[in-house]
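Residue-level structural notes
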Amino acid sequence: MAKITEAELKAQIKTGEFTNAYLIFGQEGYLKNHYVNLLRKKIVEPTFEDFNFHSYNGKDTTMDEILKDAELLPMMSSYNFVLVCDYPFDKSESDIKLVQEFLKDIPETTILVFWYDALEFPFKNKDGKISAKSTKLENAFAKAGSVIELNSKTEAELVKMLISGFRKRGYELLPNLAKYLISVSGTDIQTLQNETEKICFYLKGNEITKEAIDKLATKSLQARVNDLSKAILAGDSNKAYAVLNALFFNDKDVKPDYLLGTITKSYVDMYRVKCAKAAGKPATDIKNYFFYPYDSYINNAVRDSANLSIKQLRKSLDVLMDADNALKSTSTADRLIFEKLVVKLMLIAKEVKYD
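Description of the structure in this document. In this text the structure is predicted, and so the values were computed from the model without any measurement. (Residues numbered from 1 in each chain as written. Predicted model: local features only at pLDDT ≥ 70, side-chain atom pairs only at ≥ 80, totals over all residues. Heavy atoms only, no water.)

1. Quick word on the packing of aromatic side chains
Selection criterion: Ring pairs are drawn from Phe, Tyr and Trp, using the six-membered ring of Trp, whenever the two centres fall within 6.5 Å, and their geometry is named by plane angle: stacked under 30 degrees, edge-to-face over 60, tilted for the rest. Helix and strand definitions here come from DSSP, where helices need a minimum of 4 consecutive H or I residues and strands a minimum of 2 consecutive E residues; each element is numbered from the N-terminal end. Exposure classes here rest on a 1.4 Å probe applied to the protein chains alone. A residue is buried below 20% of its type maximum, exposed above 50%, and partly exposed in between. A ring is considered to have a charge above it if a Lys NZ or an Arg CZ atom is located within 6 Å of its centre and within 35 degrees of its normal.
All chains considered together, the criterion is met by twelve aromatic pairs. Aromatic pair Phe25 and Phe121: ring centres 4.9 Å apart, planes at 70 degrees, arrangement edge-to-face. Here Phe121 lies in the loop between strand 5 (110-115) and helix 6 (132-144) and Phe25 lies in strand 2 (residues 21-25), a separation of 96 residues in the sequence. For Phe25, a relative accessible area of 1% puts it in the buried group. Ring geometry for Tyr116 versus Phe123: centroids 5.7 Å apart, planes at 85 degrees, classification edge-to-face. The pair Tyr116 / Phe123 is uniform in exposure class, with both members buried. Linked through ring pairs, Phe25, Tyr116, Phe121 and Phe123 together constitute an aromatic cluster. Its guanidinium or amino end placed over the ring of Tyr297, Lys265 lies 4.1 Å from that ring's centre, counting from NZ or CZ. Its end group placed over the ring of Phe290, Arg272 keeps NZ or CZ at 3.7 Å from the ring centre.

2. Observations regarding the nonpolar core
Let me state the cut-off plainly: The set of buried Ala, Val, Leu, Ile, Met, Phe, Trp, Tyr and Cys residues whose side-chain atoms join them within 4.5 Å is what this entry labels a nonpolar core. By definition, residues are in contact when any of their heavy atoms lie within 4.5 Å.
Ranked by size, the top nonpolar core spans 44 residues in total, and within it Tyr22, Ile24, Leu39, Phe81 and Phe166 carry the most contacts. If we ignore the near neighbours within four places in the chain, the residues touching Tyr22 are Leu9, Gln12, Leu39, Ile111, Leu112, Val113, Phe114, Phe141, Ser146 and Ile148. Formed by 36 residues, the second largest nonpolar core is a distinct cluster that contains Val243, Leu244, Ala276 and Ile298.

3. Digging into the pattern of salt bridges
Put simply, the test is: The term salt bridge refers to a pairing of a side-chain nitrogen on Lys or Arg with a carboxyl oxygen on Asp or Glu at a separation within 4 Å.
Counted according to the given criterion, the structure contains 16 salt bridges. Here Glu120 makes a salt bridge to Lys124, at a shortest N to O gap of 3.8 Å. Notably, a salt bridge pairs Asp269 with Lys265, separated by 3.1 Å at the nearest N-O pair. Here Lys265 and Asp269 lie together in helix 13 (residues 256-278), a separation of four residues that amounts to about one turn. Classification of Asp269 as buried rests on a relative accessible area of 6%. On the accessibility criterion, Lys265 (31% relative accessible area) is partly exposed.

4. Concerning a nonpolar patch on the surface
Which entries qualify depends on this criterion: Patch criteria: residues need more than 30% relative accessible area and no salt bridge. Like-charged residues are merged within 9 Å; nonpolar side chains of Val, Leu, Ile, Met, Phe, Trp and Tyr are merged within 5 Å. Residue exposure ignores everything except the shown protein chains as possible cover, and the areas themselves are Shrake-Rupley values with a 1.4 Å probe.
Together, Phe51, Met75 and Met76 make up a nonpolar patch on the protein surface, roughly 330 Å² of accessible area in all. Relative to the assigned elements, Met75 resides in the loop between helix 4 (63-70) and strand 4 (80-85).

Structural measurements only, silent on function.
See below:
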């Protein structure tokens, strides 16, 4: 077979024309789980599941154990289904050779699925380049079966999904409101499906409006950082610190360096938009040149940078870099670093000299 698309995988599952091996990876966790479960549901007969279904966590097993089960003949069923999650092929060249040899002569009654959930694939070298081990693995699975990379959907695909989800529940969601919901709750498919369910439950037949989304939808980290940026740019210190408090105390799993990176990204977006305008280029050129997947990133940057100069944005990026250095190299409390950062960014937005 070869590397296939999501549509081709969906067609295989629908028709039952499976390949004997699958390598599934990508950025979109929901889709990976969804298709792994669909394969299992379609292939494994529940009555004989104990005999024909073998599941492994890659951290807790060896390749010999996996391939031993993969050699078994199915009992009262068409296939023997072997599912392996997060196998660390990057740790062993010999394991890659074992699976390469097995795939050359895989039994016709075996379906072997390796998929990556928590472990990132393709594996990277120290220099950030894709490792030769990953390439060998992909090539082996492509020859014997199917390789599927499931990444985030485009904005248009997410809008279509949301409109369909609301329609199934008796509501008509306008495309502009679908885009707004994405900008508020983020692009994770599972999150958007949860938000769809929740909003429809609480609306109780009322019209879907922007105000309803603001009231009912859970905000993503990016949306809350956008709120922080808007408060800073508006000089609203009370709101800025309220958002910062919520980010620090309500989201304890959000690490300071990730939070700072998200704030920095918002300012980089604004700087790019401002530079494009200075060069006489439309903001859409930024979206295409830097491969932004969603219009909301550019729209937010256009809105937030309206009253800022390129000079102010450069100063802002400098203080963001200083904050990053402080997080990495000083013993100053993280919260204090962010409080100082907010003050400096507000003063720059007001064109006040602070040092």
